[in-house]
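# Results of the structural survey
Okay, here's what each chain looks like letter by letter:
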Amino acid sequence: MSRSVLLFLSALLLTLSVAEAKVSVMLSDAEVANGQTMLLRLHADREEPRIERIYAAFDGKRYPFYRNRFAKGREFYALVPASYYAKPGARKLVVVYIEKGRKHYRSFPVELYEGDYETEKLRVAPSRAKISAKNRKRIARERREALRIYRTSTPKLYIKAPLDLPLKSKITSRFGNKRLFNGVLKSYHSGTDFRAKTGTPIHAVANGRVVLAKNRFFAGNSVIIDHGQGIYTCYYHLSRFRVKPGERVKRGEVIGLAGATGRVTGPHLHYSVRVNGVQVDPIQFTRTVDLLFQK
Ligand SMILES: [Zn+2]
């Protein structure tokens, strides 16, 4: 479980120039499990001089900053996910920004630890052989289509309020359950499963735009919502759609009804989240986004 340690680093600029803004950078958590998301907030005490470019570098990838419209004054935020497959150990999270043509660096030590995920041991081989050549092609096509979506980042943020949950129900399978085959990690549970009878209304967790609403091989009837700035939420195994691709949705709006379509053993909702291309724990992500709204 993530400790809600707030690490506040407010370093004075090393330069003697008084014309530069005082910049403080805050990291939500100095300890992160694989599959969790960190929030960075960069606050400048005045509008000028302009900060031309800000990004965070973590575990070999760069993450963009965006203006935080929910904060007072001049603030920027970045969501930095730790991949589920990232190896545990000490990391450095570096924030880079350019002010008056000068590059500034802030460095945070981050401890990446292995989440306390449960293990599901598979006794029988996944029946890959039973999937026809035609279906394998379909699966590959659907995977490419999804990755194309997740690689796109809409500059505008649609989110206006803390994230809701897609329904009020018991969680039956948490994100991150390890699926071991002969002791080797083959896959993991990439979302959160909620108990939901067929026909249960499923709600959008935030404002956004529907980018996919179709039947897919594994996920069944699937809805993907783009919330902007690299944030996507996904709702799988639906029995009915209540939205179409391209449609704008509001937080709380019914987007479909729960069901048992796709590769499932019974009706439930599989809810998942992608941020900056990385699949993350939806429940921990919801709590992380809450921090954006804290003054
Ligand atoms: Zn699931």
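Residues numbered from 1 in each chain as written. Predicted model: local features only at pLDDT ≥ 70, side-chain atom pairs only at ≥ 80, totals over all residues. Heavy atoms only, no water.

### Details of helix α2 (residues 282-290)
Formally: Buried, partly exposed and exposed residues are distinguished by accessible area as a fraction of the type maximum, computed with a 1.4 Å probe on protein chains only: under 20%, between the cut-offs, and over 50%, respectively. The secondary structure listing takes helices from DSSP runs of H or I that are at least 4 residues long and strands from runs of E that are at least 2 residues long, numbered from the N terminus. Whether two residues touch is decided by their heavy atoms; if any such pair falls within 4.5 Å, the residues are in contact. Polar contact is defined as a pair of N or O atoms within 3.5 Å, subject to the rule that within protein one atom must be able to donate a hydrogen and the other to accept it, and that residues adjacent in sequence are counted only when both atoms are side-chain atoms.
All of the buried residues along α2 are Pro282, Gln284, Phe285, Thr286, Thr288 and Val289. Summarising the contacts, the buried residues of α2 are in contact with β4 (37-44), β8 (74-81), β15 (192-195), β19 (231-238), β23 (268-275) and β24 (278-280). Measuring from the side-chain oxygen of the N-cap residue of α2 to the backbone nitrogen of Ile283 gives 3.0 Å; that N-cap residue is Asp281.

### Some details on helix α1 (residues 133-151)
Rules: A helix's residues, less one, multiplied by 1.5 Å, set its expected span. Relevant arc is that of directions from the helix axis to the C-beta atoms, nothing else.
Along its 19 residues, α1 runs 27 Å from first to last C-alpha, staying within 8% of the 27 Å computed at 1.5 Å per residue. Within the sequence span of α1, burial applies to Ile139, Glu142, Ala146, Ile149 and Tyr150. Down the axis, α1 shows its buried residues gathered within 90 degrees of arc, on one side only. Of the exposed residues in α1, the ones pointing more than 90 degrees away from its buried face are Ala133, Lys134, Lys137 and Arg151. Considering only its buried residues, α1 is in contact with β17 (208-216), β18 (220-228), β19 and β23.

### Looking at the nonpolar core
What counts here: Side-chain atoms within 4.5 Å are what join buried Ala, Val, Leu, Ile, Met, Phe, Trp, Tyr and Cys residues into a set we call a nonpolar core.
With 62 residues, the main nonpolar core has Leu40, Leu42 and Leu93 as its most contacted residues. Sequence-distant contacts of Leu42, that is, excluding residues within four places in its chain, are made with Val23, Ser24, Val25, Ile51, Ile54, Phe65, Arg74, Glu75, Phe76, Val95 and Tyr97.

### Side note on the packing of aromatic side chains
What counts is decided by this rule: Each Phe, Tyr or Trp ring, with Trp reduced to its six-membered ring, pairs with another whose centre is within 6.5 Å; inter-plane angles below 30 degrees give stacked pairs, above 60 give edge-to-face pairs, and intermediate values give tilted ones.
Across all of its chains, the model carries 12 aromatic pairs by this definition. Consider the rings of Tyr84 and Phe175, whose centres lie 6.0 Å apart with planes at 80 degrees: the pair is edge-to-face. Taken together, the residues span a long stretch of sequence, with Tyr84 in the loop between β8 and β9 (89-99) and Phe175 in the loop between β12 (171-173) and β13 (178-181) at a distance of 91 residues. With centroids separated by 5.5 Å and ring planes inclined at 35 degrees, the aromatic side chains of Tyr235 and Tyr271 adopt a geometry described as tilted.

### Overview of the coordination of the zinc ion
Which entries qualify depends on this criterion: Only nitrogen, oxygen and sulfur atoms qualify as donors, provided they sit within 2.8 Å of the metal or within 3.2 Å for Na, K and Ca; with water excluded from the atoms, sites may seem incomplete.
Surrounding the zinc ion are the protein donor atoms His189 (NE2), Asp193 (OD) and His270 (ND1), which sit 2.0 to 2.1 Å from the metal. Counting gaps between the donor residues of the zinc ion yields the pattern H-x3-D-x76-H. Of this pair, Asp193 sits in strand β15 while His270 sits in strand β23, placing them 77 residues apart in sequence. Neither Asp193 nor His270 differs from the other in exposure class; each is buried.

### Overview of the domain arrangement of the protein chain
Going by this rule: The domain boundaries here were taken from an automatic or database domain assignment. Using a 1.4 Å probe, buried area is obtained as the accessible area two parts lose upon being combined, added over both of them. Here, a salt bridge means any Lys or Arg side-chain nitrogen found within 4 Å of an Asp or Glu carboxyl oxygen.
Once the domains are mapped, the protein chain shows domain 1 (7-113) and domain 2 (119-293). A C-alpha centroid distance of 29 Å is found between domain 1 and domain 2. Of the roughly 2,000 Å² buried between domain 1 and domain 2 on both sides combined, carbon and sulfur atoms contribute 64%. It is Phe70, Leu79 and Tyr84 in domain 1 that bury the most area against domain 2; as a group they hold 34% of the surface buried on that side. Our count for the contact surface shared by domain 1 and domain 2 stands at zero salt bridges. The interface formed by domain 1 and domain 2 contains eight residue pairs in polar contact (both at pLDDT 80 or more). Only β4, β6 (61-64) and β8 provide two or more residues apiece to the side of domain 1 that touches domain 2. When residues of the side of domain 1 that touches domain 2 are assigned to their parent elements, the largest contribution, four residues, is made by β4.

### Observations concerning the confidence of the model for the protein chain
Here is the rule: As a per-residue measure, pLDDT reflects the predictor's confidence and takes values from 0 up to 100.
Per-residue confidence for the protein chain gives a mean pLDDT of 90, with 91% of residues at or over 70. Across residues 1-18, where pLDDT falls below 50, the model places 38 contacts with residues more than four positions away in sequence or in other chains.

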